[in-house]
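Here are the chains, one letter per residue:
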Amino acid sequence: MAFELAPLPYANDALEPHIDARTMEIHHGKHHKAYTDNLNAALAGTEWEGKSIEEILSNLDKAPADKKGAIQNNGGGFWNHNLFWSILKKNENGLPSGALAEAINSAFGSFDTFKEAFSKAAMTRFGSGWAWLVVAADGSLKVTSSPNQDNPVMTGDGTPILGLDVWEHAYYLNYQNRRADYVSGFFHVVNWDKVAELFEGAKS
Ligand code: MN3
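Not measured: the values here are computed from a predicted model.

**Quick word on the coordination of the manganese ion**
Move 1: The protein atoms donating to the manganese ion are His 27 (NE2), His 81 (NE2), Asp 165 (OD) and His 169 (NE2), with metal-donor distances spanning 1.9 to 2.1 Å.
Move 2: Mapping the donors of the manganese ion onto the primary sequence yields the spacing H-x53-H-x83-D-x3-H. Of the two residues, His 81 is situated in helix H3 (residues 68-86) and His 169 in the loop between strand S3 (159-165) and helix H7 (172-175); the sequence distance between them amounts to 88 residues.
Move 3: For His 81, a relative accessible area of 0% puts it in the buried group.

**Let's talk about the pattern of salt bridges**
Move 1: Taken as a whole, this structure holds 6 salt bridges when the rule is applied.
Move 2: Across the pair Asp 181 and Arg 178 runs a salt bridge, and its minimum N-O distance is 3.0 Å.
Move 3: Overall, Arg 178 belongs to the partly exposed group, its relative accessible area being 37%.

**A short note on the domain arrangement of the protein chain**
Move 1: Domain annotation for the protein chain reports domain 1 (21-86) and domain 2 (98-203).
Move 2: The interface is formed by 20 residues belonging to domain 1 together with 22 residues belonging to domain 2.
Move 3: Carbon and sulfur atoms make up 64% of the area that domain 1 and domain 2 hide from each other, which totals about 1,600 Å².
Move 4: Ranking the residues of domain 1 by area buried against domain 2 places Asn 80, Leu 83 and Phe 84 at the top, with a combined share of 31%.
Move 5: At the boundary of domain 1 and domain 2, one finds 0 salt bridges.
Move 6: Between domain 1 and domain 2 we count 8 residue pairs in polar contact (both at pLDDT 80 or more) in total.
Move 7: Listed by contribution, the elements that provide at least two residues to the side of domain 1 that touches domain 2 are helix H1 (21-43), helix H2 (53-57) and H3.
Move 8: For the side of domain 1 that touches domain 2, the element with the highest residue contribution is H3, accounting for 10 residues.
Move 9: Of the residues that constitute the side of domain 1 that touches domain 2, the class distribution is 7 nonpolar, 11 polar and 2 charged.

Analysis parameters
Residues numbered from 1 in each chain as written. Predicted model: local features only at pLDDT ≥ 70, side-chain atom pairs only at ≥ 80, totals over all residues. Heavy atoms only, no water. Donors = N, O, S within 2.8 Å, 3.2 Å for Na, K, Ca; no water. Helix = DSSP H or I, 4+ residues; strand = E, 2+ residues; numbered from the N terminus. Buried < 20%, exposed > 50% of the residue type's maximum accessible area, 1.4 Å probe, protein only. Salt bridge = Lys/Arg side-chain N within 4 Å of Asp/Glu carboxyl O. Domains from an automatic or database assignment. Contact = heavy atoms within 4.5 Å. Buried area = accessible area lost by both parts, 1.4 Å probe. Polar contact = N/O pair within 3.5 Å; in protein donor to acceptor, adjacent residues only side chain to side chain. Nonpolar A, V, L, I, M, F, W, Y, C, P; charged D, E, K, R; others polar.

Below is the structure:
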């Protein structure tokens, strides 16, 4: 069973003005679709066909040598964007609440300090990559970043519950070179209820 590109769970313009409709259309319909198609092509005819994406990403060292690069890049791209679409929603300046808010305060001191650390991870990732909030094996929250389409599932650094795509394709139409403005806009479109749900799932 090949991997499938799921439809966006909202309209292309649902995140405007922070993420524009045209960017969403191309990002999902072209970029994410290409990762999905290329992942399927790389897996076709290998013994990895039919494995879950998490199983694939956490066992890349066992991938067929001639396919490893394609599986890593496109498998990461497939997984990362699935997470990304799921945690986006206009939040009207809403903040995390409940157990997630407590865990953020406990790990970072305050929401603002967390936001600063996450924004710094997004800003200092040179070139293309992602910033992450992960639940580490001991249950604690950590901010990290990775290059290209790599992610913490591959490295065993924890379970991502929030991810920000800082590839230029994610913001260039609307923000051009102003990554800082894109990162700042991102905090208006984080679906904290979904992040809280992922947080609960990662702990159990
Ligand atoms: Mn992308």
